Amino acid sequence: MSKNRHSFWMILLWSLMTTTTWGQLQNSNINPKINSPLSRFGLGNESPSYFAASTGMAGLGAAWQDPYHINLLNPASLASLQTAVFEGGLYAQRSQLTGRSGSDDTWNGNLRYLSLGFSLRNAINRALDRQSDEWSAGMNLALLPYSQVGYDILLINTTTPDVEISSNSLKGSGGVNKLQWGTGFRYKGLSVGADVSFLFGKLINSRLVRFDSLDNALNTEFLDEISMNGTRWNIGAQYAFEFKENNKEGELVKSGKRVIVGGTLGTQAALDMEGSFFTRRYLGSFVSDTISQTSGVVGSGTLPASYSFGVHFQNVNKLNIGVEYGATAWSAYRNTLKPDVLTDAYYVAVGGEYIPNATSYNSYLQRVRYRAGFRYATDPRTLDGEQVTGYTFTLGAGWPIILPRQQVSFVNTAFEFGKYGVDNVLDESFVRFTLGFTLNDNSWFFKRKFN
């Protein structure tokens, strides 16, 4: 009997230690890749869907076309690709958080995007076969983050009655990823396209409440994990107004200058959600009491519709200047497992690209694509009843690399200097560096002929 009693107490002690360790590790093991308190709300901080080349121009995309770079923001632009393009990007960011109680500096970085795009008609084939360039088509596949959650906050409370000091440790991590497939078609100056994105990810939020000034007070931990997935569609269109001039033979030909107008419409999307929720109280290392634990809770969510419109002026291989406006109806956002009230948001961006001499043989710097831009945006989240706003200045460059068979690829760099938040409440200043690799191959779908 004593042996059975001894085994019983050993099993009970092991169970308590295991439960306690499991519970404590949930909060202490959350190591967010970023520290942005605003990422607690909604799906977190929205990640940019533009690549390094566009980043240098403040994220322009609604009316931007480039034969050597992928533009995910408007699927109609895929029809302008002339090669097979592989793009990958990395970023590093330094942020400074400034609030009423002080400031904090953080560093973070990660893989930013991977994408493969290609033209469905090879430009070399058209030239060799003397075919017209009236129509073309392109396609792409991309993997990148849609949103990111990351915060590690300690709040000290000294105003609770009968409690000298209490603290809240708030931690969160995770985010939503996006796998996107798109295609675009062009006939003469009109391009249209569509893409579909499969969204998937998990949000983890933990809150640990301690009564630091009370002896033998129970600490309380709340842990929520929400997984989600859904599908979202985006359609776009662009039209290029070509300027023409007379050549030496008196024929009217394209001058290389054009104005492009473009727009996109992102449809509202439904999200399927599943959550697990855990609450416990504990004291020290051996006393733990699970208050509630549920898993497999089914919920639903809604991502709002969005749109954008832009205008570009291009002098091919020389100058590209654009302006863009976009908005998202975040007030329609819904999440039954983690309700949040968000506000409609918009952005305005202006940017450009300049190439001193794209065909220079004597100076490499003359062939570099120099970029700059400015972006102002409102954020769907609010602090103390005020909507979050922010601005970003950008500088970038596209460094051309000549590969075998005279194929031009690029190393694209971009710096972003920005700030967002609410004055006198919480501000986040940041400097972000993006390094992108754009590899082009014009032998894709190339038809070789033998005489």
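### Observations concerning the overall build of the protein chain
Next up, step 1: What the protein chain contains, in helices and strands, is three helices and 18 strands.
Next up, step 2: Out of the 451 residues belonging to the protein chain, those deemed buried represent 47%.
Next up, step 3: By sequence separation, contacts in the protein chain at least 24 residues apart represent 66% of the contacts at least 6 residues apart.
Next up, step 4: Summed over all atoms, the accessible surface of the protein chain reaches about 22900 Å², with 59% contributed by carbon and sulfur.

### Focus on the nonpolar core
Next up, step 1: In this structure, Leu43, Tyr146, Met228, Leu303 and Trp330 are the most contacted members of the largest nonpolar core, which totals 20 residues.
Next up, step 2: Where this core is concerned, the elements lending two or more residues are strand S4 (135-157), strand S5 (166-187), strand S6 (190-210), strand S7 (219-246) and strand S9 (269-283).
Next up, step 3: With residues near it in sequence (within four places) discarded, Trp330 still touches Glu46, Tyr146, Leu303, Pro304, Leu342, Thr343, Asp344, Ala345 and Pro380.
Next up, step 4: Ranked by size, the runner-up nonpolar core spans 10 residues in total, among them Ala52, Leu72, Leu78 and Val85.

### Some details on the layout of surface pockets
Next up, step 1: The calculated volume of the second largest pocket comes to roughly 860 Å³.
Next up, step 2: Considering the residues around the second largest pocket, the lining is formed by 34 residues, among which Gln65, Gln82, Glu242, Arg258 and Val316 are closest to the centre.
Next up, step 3: For the lining of the second largest pocket, the elements supplying multiple residues, two or more each, are S7, strand S8 (252-266), strand S11 (306-315) and strand S12 (319-328).
Next up, step 4: Counting residues per element, the lining of the second largest pocket draws most heavily on S7, at five residues.

### Brief notes about unusual backbone geometry
Next up, step 1: Here Lys188, not a glycine, exhibits a phi torsion of approximately 55°, which is positive.
Next up, step 2: By the element assignment, Lys188 lies in the loop between S5 and S6.
Next up, step 3: In this model, Asp384 sits at a positive phi of 50°, which is unusual for a non-glycine residue.
Next up, step 4: For Asp384, the location among the structural elements is in the loop between strand S15 (369-383) and strand S16 (386-403).

### Describing the environment of Ala358
Next up, step 1: With respect to the helices and strands, Ala358 occurs in the loop between strand S14 (345-354) and S15.
Next up, step 2: Here Ala358 falls in the partly exposed class, since its relative accessible area comes to 30%.
Next up, step 3: Each residue touching Ala358, except ones within four places of it in the same chain, is listed here: Asn317, Gln366 and Arg367.

### Considering the packing of aromatic side chains
Next up, step 1: Under the definition given, this model contains 13 aromatic pairs.
Next up, step 2: Ring plane angle 50° and centroid distance 4.9 Å describe the contact between Phe374 and Phe393, whose orientation is recorded as tilted. Linking Phe374 in strand S15 with Phe393 in strand S16, this pair joins segments that are 19 residues apart in sequence.
Next up, step 3: By relative accessible area, which is 29% here, Phe374 ends up partly exposed.
Next up, step 4: Residue class for Phe393 comes out partly exposed when judged on its relative accessible area of 44%.

### Quick look at the pattern of salt bridges
Next up, step 1: Considering all chains together, one arrives at 12 salt bridges under this definition.
Next up, step 2: Across the pair Asp105 and Arg94 runs a salt bridge whose closest N-O atoms are separated by 3.0 Å. Note that Asp105 is positioned in strand S3 (residues 102-119) and Arg94 in strand S2 (residues 84-99), a separation of 11 residues in sequence.
Next up, step 3: When its relative accessible area of 38% is taken as the criterion, Asp105 is described as partly exposed.
Next up, step 4: Of the residues examined, Arg94 reaches a relative accessible area of 34% and is grouped as partly exposed.
Next up, step 5: Across the pair Arg432 and Glu416 runs a salt bridge, and its minimum N-O distance is 2.9 Å. With Arg432 in strand S18 (residues 426-441) and Glu416 in strand S17 (residues 407-422), the pair connects residues that are 16 residues apart, well separated along the chain.
Next up, step 6: What makes Arg432 buried here is its relative accessible area of 16%.

### Quick notes on the confidence of the model for the protein chain
Next up, step 1: The predicted model of the protein chain averages 87 in pLDDT, with 86% of residues at 70 or higher.
Next up, step 2: This stretch, residues 1-25, has a pLDDT under 50; its non-local contacts, to residues over four places away or in other chains, come to 21 contacts.

### Some thoughts on the pairing of S8
Next up, step 1: Pairing analysis gives 12 bridges linking S7 to S8, with the strands arranged antiparallel. From the neighbouring strand, Lys244 faces S8, where its bridge partner is Lys254.
Next up, step 2: The antiparallel hairpin formed by S7 and S8 contains five residues in its connecting segment, where Gly250 sits at a positive phi of about 85°.
Next up, step 3: As defined by bridge partners, S8 adjoins S11 across 10 bridges and the pair is classed as antiparallel. For Val259, the partnering residue across the bridge sits in S11 and is Phe313.

### Points about the pairing of S16
Next up, step 1: Here S15 pairs with S16 via 12 bridges, running antiparallel. Bridge assignment links Arg371 to a residue of S16, and that residue is Gly396.
Next up, step 2: Between S15 and the antiparallel strand that follows it, S16, lie two residues; Asp384 among them carries a positive phi value of about 50°.
Next up, step 3: Relative to S17, S16 runs antiparallel, the two being bridged by 15 bridges. Opposite Gly390, over in S17, you have Tyr420 as the bridge partner.

### Focus: the side chain of Ser77
Next up, step 1: Relative to the assigned elements, Ser77 resides in the loop between helix H2 (52-55) and S2.
Next up, step 2: Reaching out from Ser77, the side chain makes a polar contact with the backbone oxygen of Asn71 at a distance of 3.2 Å.
Next up, step 3: Here Asn74 takes part through its backbone oxygen, which lies 2.7 Å from a polar atom of the side chain of Ser77.
Next up, step 4: The residues touching Ser77, leaving out its near neighbours within four places in the chain, are Trp64, Asn71 and Gln238.

So, how was this worked out
Residues numbered from 1 in each chain as written. Predicted model: local features only at pLDDT ≥ 70, side-chain atom pairs only at ≥ 80, totals over all residues. Heavy atoms only, no water. Helix = DSSP H or I, 4+ residues; strand = E, 2+ residues; numbered from the N terminus. Buried < 20%, exposed > 50% of the residue type's maximum accessible area, 1.4 Å probe, protein only. Contact = heavy atoms within 4.5 Å. Areas by Shrake-Rupley, 256 points an atom, 1.4 Å probe, with all protein chains shown as cover. Core = buried A, V, L, I, M, F, W, Y, C linked by side-chain atoms within 4.5 Å. 1 Å grid on protein atoms, 1.4 Å probe; cavity = no way out; pocket = protein on both sides within 12 Å on 5 of 7 lines; lining within 4 Å. Points joined across faces, edges and corners; volume = space filled by probe spheres on them. Phe/Tyr/Trp six-rings, centres within 6.5 Å; stacked < 30°, edge-to-face > 60°. Salt bridge = Lys/Arg side-chain N within 4 Å of Asp/Glu carboxyl O. pLDDT = per-residue confidence, 0-100. Pairing = 2+ DSSP bridges. Polar contact = N/O pair within 3.5 Å; in protein donor to acceptor, adjacent residues only side chain to side chain.

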